[in-house]
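# Breakdown of the fold
These are the residues of each chain, in order.
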Amino acid sequence: MACKEILTTGLHWWPKRTVLCSFVHAKQNQNLIFQQIYQSEAGRHAELQMLKDRDFLSNFKDKNAVDIILVMNYSPCYFCADELNYFYKKYRSAYSINSFNIRFSQLYKTYGSPPKEVKEKNIKGLKDMHLAGIILETMTDEYWFDLFSWTVFGVNPDHCRNRDNAMKTKLNTLKAVKAETAKDTASKAKEEK
Ligand SMILES: [Zn+2]
């Protein structure tokens, strides 16, 4: 359900809760070493739950560089933006965070009907994260594929892409042979006439 919320938020509904899928990869081989889903509940924001989770924090204890990817239905609010910035600044050099990406399907209260001061605070939060070096991105076909591969099927999306590329090459080779055979048959038929 968590992934479905990230996929559908803003299409026909606006869930009251934030859903956050957290991924930590080892920089060296890009192996996934941590994966967890957090959801906001009773005023406890999903991002803060993650930042207080010992299992999440244990990824930064040794000095092996890691890449962090968060996928969310809403972008972080100004309060969480401050906390994420603090976390990143504190642990980036100390614990070798190589990159920190946040991907989301909807901007949270930065446009439309919310009060102006709320929108301004949230926009400032996003700008501060951007300036701190956190990579903020909207979702793409590739990122959706990554998200569903890991969370729904527990499969490494790169392995799927490598297989697809290998099959494409093989198929193209087969097609080329077939085209070559067809050409031969056609020219043979012509000669016989
Ligand atoms: Zn928040």
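The rules behind the values
- Residues numbered from 1 in each chain as written.
- Predicted model: local features only at pLDDT ≥ 70, side-chain atom pairs only at ≥ 80, totals over all residues.
- Helix = DSSP H or I, 4+ residues; strand = E, 2+ residues; numbered from the N terminus.
- Rg over C-alpha atoms; globule rule 2.2 N^0.38 Å.
- Buried ≥ 20, exposed ≤ 12 C-beta atoms within 10 Å, placed from the backbone.
- Contact = placed C-beta atoms within 7 Å.
- Axes fitted to C-alpha atoms, helices over the stretch in contact; angles between N-to-C directions.
- Parallel < 35°, antiparallel > 145°, perpendicular 65-115°, else oblique.
- Left-handed = near helix turned anticlockwise from the far one by under 90°.
- Nonpolar A, V, L, I, M, F, W, Y, C, P; charged D, E, K, R; others polar.
- Core = buried A, V, L, I, M, F, W, Y, C linked by C-beta atoms within 7 Å.

## So, the overall build of the protein chain
A tally of helices and strands in the protein chain yields 7 helices and 5 strands. For 193 residues, the compact-globule estimate of 2.2 N^0.38 gives 16 Å, and the protein chain exceeds it by more than 25% at 23 Å. A principal-axis box enclosing the C-alpha atoms of the protein chain has dimensions of 85 × 45 × 30 Å. Within the span of the protein chain, comprising 193 residues, buried residues form 23% of the whole. Across the protein chain, contacts joining residues at least 24 apart in sequence account for 69% of those joining residues at least 6 apart.

## Points about the packing of helix α4 (residues 78-94) against helix α5 (residues 116-132)
Two elements in contact, α4 and α5, have axes separated by 8 Å at closest approach and are oriented at 15 degrees. Looking at the two axes, α4 sits roughly parallel to α5. Regarding α4 and α5, the two cross each other, and that crossing is left-handed. Where α4 abuts α5, its residues Tyr78, Ala81, Asp82, Leu84, Asn85, Tyr88 and Lys89 lie against Lys121, Asn122, Lys124, Gly125, Leu126, Asp128, Met129 and Ala132. Partitioned by chemical class, the residues of the contact of α4 with α5 number 7 nonpolar, 3 polar and 5 charged.

## A look at the nonpolar core
Generally speaking, a soluble globular protein has its nonpolar side chains buried in company with each other. Judged by nonpolar contacts, the single largest core of 30 residues is most densely connected at Leu20, Ile68, Leu70, Val71, Met72, Ala81 and Leu84. For this core, the secondary structure elements donating two or more residues are β1 (19-26), α2 (46-52), β3 (66-74), α4, β4 (97-106) and α5. With 7 residues, β3 is the single largest residue contributor to this core.

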